[in-house]
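What follows is each chain in one-letter form.
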Amino acid sequence: MTKLVYPFTEEQVRALHAGESVSITGPIHTGRDKFHKWFADGKPIKVDFRDGAIYHCGPVIVKDADGNWKVVAAGPTTSVRENAYEPAFIAASGVRLVIGKGGMDDATLAAMKKHGAVYIQAVGGAAALSAASVRRVSGVDYLEEFGAAEACWHFDVEGFTGVVAMDSHGRSLFSEVASASKEKLAALLNPPRPSSPALSGLNASTKR
């Protein structure tokens, strides 16, 4: 497993390849639909994402007895909803790690190749496990504007794990799986016809 420690430099990120497991330590910032739309509308972004990470996540966060934010659940949300925004965001922000689930489109893959970024597939269905890697909530932006699930939360994480599913070399595991599945389905729907003499004879006898 490759350990990534902030800042996530372009050199470090371009050395990663699809299929590689990673462990992330440092600040990551959540950003979902409303945040990306805010960016697309040209409104000011309060967070510096350069050499950083954006996490497609709608966390469950509460305040403890001392008034500090505590992350209860922090599983990934489906990333395809941000396809329309992510290429421009990657180009403008200098972000290196895009974390989520389900992958993104070819335009985003092309932006990652051009600018030096990767897509990290986080573990779906393990929101409590992801939350355990959050050592501290260092702050939050757009809480009033977007609400808790859509706000831009700032996490300090240690040992947040995932798999590089789209790399900066133009490779996407999602595309490869889709292609292999299509070939397998075609083979199942169109099996080869029997060609052995025995089977041919059997077929001939049944037609008499």
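Quick notes on the overall build of the protein
1) Next: What the protein contains, in helices and strands, is eight helices and nine strands.
2) Next: Computed over its C-alpha atoms, the radius of gyration of the protein comes to 22 Å, more than 25% above the 17 Å expected for a compact globule of 208 residues.
3) Next: Overall size of the protein, expressed as C-alpha extent along the three principal axes, is 85 × 40 × 35 Å.
4) Next: When burial is assessed residue by residue, the protein has 41% of its 208 residues classed as buried.
5) Next: Long-range pairs, those at least 24 residues apart, make up 63% of the contacts in the protein with a sequence separation of at least 6.

Details of the packing of aromatic side chains
1) Next: Considering all chains together, one arrives at 12 aromatic pairs under this definition.
2) Next: With 5.7 Å between their ring centres and 80° between their planes, Tyr-6 and Phe-8 make a pair best called edge-to-face.
3) Next: Taken together, a centroid distance of 5.9 Å and an interplanar angle of 80° make the contact between Phe-35 and Phe-89 edge-to-face. Residue Phe-35 is found in helix α2 (residues 33–40), and its partner Phe-89 is found in helix α3 (residues 86–93); the two are separated by 54 residues along the sequence.
4) Next: Three or more aromatic residues link up through ring pairs in this structure, and these residues are Phe-35, Trp-38, Phe-39, Phe-49, Phe-89, Tyr-142 and Phe-146.
5) Next: Sitting over the ring of Tyr-142, Lys-46 keeps its end group 4.9 Å from the ring centre.

Topic: the nonpolar core
1) Next: Counting 27 residues, the largest nonpolar core has Ile-24, Ile-28, Val-71, Leu-97, Ile-99 and Phe-155 as its most contacted members.
2) Next: It is strand β9 (residues 152–166) that provides the largest number of residues to this core, a total of five residues.
3) Next: The residues touching Val-71, leaving out its near neighbours within four places in the chain, are Val-60, Ile-61, Ala-131, Val-134, Val-137 and Phe-155.
4) Next: Phe-35, Met-104, Ala-117 and Met-166 belong to the second largest nonpolar core, which has 21 residues in total.

Re unusual backbone geometry
1) Next: Of note, the amide linkage connecting Tyr-6 to Pro-7 takes the cis form, showing an omega dihedral of 0°.
2) Next: Tracing the backbone shows Pro-7 in the loop between β1 (2–5) and α1 (10–14).
3) Next: In this model, Asp-51 sits at a positive phi of 55°, which is unusual for a non-glycine residue.
4) Next: With respect to the helices, strands and loops of the structure, Asp-51 is situated in the loop between α2 and β3 (53–55).

Comments concerning the environment of Ser-23
1) Next: Looking at the secondary structure, you find Ser-23 in strand β2 (residues 21–30).
2) Next: Residue classification places Ser-23 among the buried residues on the basis of a relative accessible area of 12%.
3) Next: Note: C-alpha distance between Ser-23 and Gly-124 (101 residues apart in sequence) is 16 Å.

Notes on the pattern of salt bridges
1) Next: For the structure on display, the rule yields nine salt bridges.
2) Next: One salt bridge connects Arg-32 with Glu-150, and the closest N-O pair in it is separated by 3.6 Å. On the criterion of sequence distance, the pair formed by Arg-32 in the loop between β2 and α2 and Glu-150 in the loop between α6 (143–146) and β9 is long-range, its members being 118 residues apart.
3) Next: Residue Glu-176 pairs with Arg-171 through a salt bridge whose shortest N-O separation is 2.6 Å.

Notes on helix α4 (residues 106–115)
1) Next: Along α4, the residues that are buried comprise Thr-108, Leu-109, Ala-111 and Met-112. Along α4, the residues classed as buried sweep out an arc of 160° about the axis, all on the same side. Facing away from the buried surface of α4 by more than 90 degrees, the exposed residues are Asp-106 and Lys-114.
2) Next: Buried residues in α4 make contact with α1, α3, β6 (97–100), β7 (118–122) and β9.
3) Next: Just downstream of α4, Gly-116 is the residue with a positive phi angle, here 85°.

Some words on the environment of Arg-81
1) Next: Considering the arrangement of structural elements, one finds Arg-81 in the loop between β5 (69–73) and α3.
2) Next: Contact partners of Arg-81, with chain neighbours within four places excluded, come to Arg-32 and Asp-33.
3) Next: Of the polar contacts made by the side chain of Arg-81, one reaches the side chain of Asp-33; its length is 2.9 Å.
4) Next: Within the local environment of Arg-81, its side chain forms a polar contact with the side chain of Thr-77, the two groups lying 3.1 Å apart.

Definitions and cut-offs
- Residues numbered from 1 in each chain as written.
- Predicted model: local features only at pLDDT ≥ 70, side-chain atom pairs only at ≥ 80, totals over all residues.
- Heavy atoms only, no water.
- Helix = DSSP H or I, 4+ residues; strand = E, 2+ residues; numbered from the N terminus.
- Rg over C-alpha atoms; globule rule 2.2 N^0.38 Å.
- Buried < 20%, exposed > 50% of the residue type's maximum accessible area, 1.4 Å probe, protein only.
- Contact = heavy atoms within 4.5 Å.
- Phe/Tyr/Trp six-rings, centres within 6.5 Å; stacked < 30°, edge-to-face > 60°.
- Lys NZ or Arg CZ within 6 Å of the ring centre and 35° of its normal.
- Core = buried A, V, L, I, M, F, W, Y, C linked by side-chain atoms within 4.5 Å.
- Salt bridge = Lys/Arg side-chain N within 4 Å of Asp/Glu carboxyl O.
- Arc of directions from axis to C-beta.
- Polar contact = N/O pair within 3.5 Å; in protein donor to acceptor, adjacent residues only side chain to side chain.

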